Amino acid sequence: MARFHCPMPLASGTTLDLPPTAARHVQVLRMQPGHALTLFNGEGGEFAAEVEHMGRSDVRVRVGEHHATECEATRRVHLVVGMPANERMDWLVEKATELGVTRITPVMTERSVVRLTGERADKKLAHWQAVAASACEQCGRNRLPLIDAPERLDAWLARLAKTPPQGPQVHAVLSLHPSSQPLGALLAQHSVADESLTWVLLNGPEGGLSDAEDAAARAQGFVALSLGGRVLRAETAALGALARLTLA
């Protein structure tokens, strides 16, 4: 069943024109009136629907029954990641969404190659949101992860220190510091059944965090984590830790 993200109010029994992105996708798939599809708007669950009209540039559907289907990860994970260069950030957003990440905060660090501000940052954010929506269509998620605008790591850490947490959190940084402990050891300290708990996972870009950035995170209560003896690419490390957290 083809699935489409439809970011608008949805209600059983109504008829609506699909937004442009979804309409183009339906047309590319050569769907015709009478064909069934699934719609979700990110507010939970999904709706059965049927194509009613195919125009040259518009697609009208009739919304059917709502199904309270969810496949969110048991653990809530907020990934704070130093943006990798080239198209690796797109790949990271896509795969992190498939793995069930709740929130992604792209940050710029001392060793970051990518620097985004102003209009360029706004365009990248919209692009990543579209990548996440497409990943949700593919993997069956009905809730999109929140993706923040890019900002400097030091600014994000400073704001975190001043902002009361919304519920219990575990803060961890992927680190080469001698105090690093295996992720499994930290997992053993927290029940997977605690759905109110959010894991905030910080990972650097290519080359990792600088010593000063690593120390600043640990000084703010981030637990230093190790994923073992192999040297992993920045995006591989982030996704490896995320998979360990969300697929348990």
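Residues take numbers from 1 onward in each chain, read along the sequence in its written order. The model is predicted, so local features are restricted to residues of pLDDT at least 70 and side-chain atom pairs to those at 80 or more, both for listing and for counting; the totals for chains, interfaces and linings are taken over all residues. Side-chain figures throughout are based on the complete set of non-hydrogen atoms in the structure, without hydrogens or water.

Participant: Before we move on, can you summarise the overall build of the chain with the specific residues and values?
Facilitator: A count of helical and extended segments in the chain gives seven helices and 13 strands. With the C-alpha coordinates of the chain rotated into their principal frame, the extents come out at 60 × 40 × 35 Å. The classification of residues rests on relative accessible area computed with a 1.4 Å probe and restricted to protein chains. Under 20% of the type maximum is buried, over 50% is exposed, and intermediate values are partly exposed. Expressed as a percentage of the 248 residues in the chain, the buried residues total 44%. Taking the intrachain contacts of the chain between residues at least 6 apart in sequence as the baseline, contacts between residues at least 24 apart amount to 73%. Carbon and sulfur atoms provide 52% of the accessible area of the chain, an area that totals close to 12,500 Å². In this count, Lys and Arg are taken as positive residues and Asp and Glu as negative ones, while His and the chain termini are left out. Think of each charge as sitting on NZ of Lys, CZ of Arg, CG of Asp or CD of Glu. Charge-centre separation for the chain: the mean point of 25 positive side chains lies 4 Å from the mean point of 27 negative side chains. Only DSSP runs of H or I reaching four residues or more are called helices, and only runs of E reaching two or more are called strands; each is numbered from the N terminus. For this analysis, residues touch if any pair of their heavy atoms sits within 4.5 Å. Methods summary: accessible areas were calculated by the Shrake-Rupley approach with a probe of 1.4 Å, and residue burial reflects only the protein chains presented.

Participant: Tell me what's going on with the packing of helix 2 (residues 88–99) against helix 3 (residues 118–139), and back it up with residues and numbers.
Facilitator: Axis definition: a line fitted to C-alpha atoms, limited for helices to the stretch in contact. Angles are taken between N-to-C directions and run from 0 to 180 degrees. For the pair helix 2 and helix 3, interaxial distance at closest approach is 8 Å and the crossing angle is 40°. Between helix 2 and helix 3, the angle falls in the class oblique. Classified by chirality, the crossing of helix 3 by helix 2 is right-handed. On helix 3, the residues touching M89, D90, V93, E94, T97 and E98 of helix 2 are H127, W128, V131, A132, A135, C136, Q138 and C139. Broken down by class, the residue content of the contact of helix 2 with helix 3 amounts to eight nonpolar, three polar and three charged. Here the angle decides the label: under 35 degrees means roughly parallel, over 145 means roughly antiparallel, 65 to 115 means roughly perpendicular, and every other value means oblique. Crossing handedness is defined as follows: a turn of the near helix away from the far one that is anticlockwise and smaller than a right angle gives a left-handed crossing, while the clockwise case is right-handed. When residues are grouped by polarity, Ala, Val, Leu, Ile, Met, Phe, Trp, Tyr, Cys and Pro land in nonpolar, Asp, Glu, Lys and Arg in charged, and all others, Gly among them, in polar.

Participant: How would you summarise the packing of aromatic side chains if you had to cite specific residues and measurements?
Facilitator: What describes a pair of aromatic rings is the distance from one ring centre to the other and the angle between the planes of the rings. Any Phe, Tyr or Trp ring, taking Trp's six-membered ring, that has another such ring centre within 6.5 Å forms a pair; planes under 30 degrees apart are called stacked, those over 60 apart edge-to-face, and the others tilted. Per the counting criterion, the structure on display carries one aromatic pair. Between W156 and F222, the ring centres sit 6.3 Å apart and the planes meet at 65°, which makes this aromatic pair edge-to-face. One end of the pair, W156, is in helix 4 (residues 153–162); the other, F222, is in the loop between helix 6 (211–219) and strand 13 (223–226), and 66 residues separate them in sequence. Here W156 matches F222 in class, with each residue buried.

Participant: Can you tell me about the pattern of salt bridges, naming the residues and giving the values?
Facilitator: When a carboxyl oxygen of Asp or Glu is within 4 Å of a side-chain nitrogen of Lys or Arg, the pair counts as a salt bridge. Using the criterion set out here, one finds 14 salt bridges in the structure. Between R141 and E72 there is a salt bridge, with the nearest N and O atoms lying 2.7 Å from each other. Of the two residues, R141 sits in the loop between helix 3 and strand 8 (146–147) while E72 sits in the loop between strand 5 (59–67) and strand 6 (76–82), which places them 69 residues apart along the sequence. Taking relative accessible area as the criterion, E72 reaches 30% and is therefore assigned partly exposed. Between D154 and R152 there is a salt bridge, and its shortest N-O distance comes to 2.9 Å. Residue R152 is classed as partly exposed on the basis of its relative accessible area of 48%.

Participant: So, the nonpolar core: which residues are in play, and what are the values?
Facilitator: Residues grouped as a nonpolar core are buried Ala, Val, Leu, Ile, Met, Phe, Trp, Tyr and Cys residues, joined through side-chain atoms within 4.5 Å. Ranked by internal contacts, the top residues of the largest apolar core, which has 37 residues, are L79, V93, A96, W199 and L201. Every element with two or more residues in this core is listed here: strand 6, helix 2, strand 7 (103–108), helix 3, strand 10 (169–174), helix 5 (183–187), strand 12 (198–203) and helix 7 (234–246). Ranked by the residues each element gives to this core, the list is headed by helix 7, at six residues. A96 has contacts with L79, V101, I104, R141, L239 and L242, leaving out every residue within four places of it along the chain. Listed in part, the 17 residues of the second largest apolar core include A22, L37, F47 and V63.

Participant: Describe the side chain of D148, naming the residues involved and giving the relevant values.
Facilitator: Along the chain, D148 turns up in the loop between strand 8 and strand 9 (151–152). Among all residues touching D148, those that are not within four sequence positions of it are H78, R103, I104, T105, P106 and L125.

Participant: Could you give an account of the sheet that holds strand 3 (residues 36–40), naming the residues involved and the relevant values?
Facilitator: Any two strands with at least two DSSP-identified bridges between them are counted as paired. The strand order 1-3-4-5-2 describes an open sheet built from five strands, whose pairing is mixed. Each edge of the sheet is formed by a strand with only one pairing partner; in this case those strands are strand 1 (3–5) and strand 2 (15–17). Across the sheet, the mean angle separating the axes of adjacent strands is 40° when strand polarity is ignored. Sheet analysis places strand 2 next to strand 5, joined by three bridges and oriented antiparallel. Counterpart to T15 in the pairing with strand 5 is R62. The sheet contacts of helix 1 (residues 20–28) involve strand 1, strand 4 (46–54) and strand 5, and relative to strand 1 the element is tilted by about 160°.

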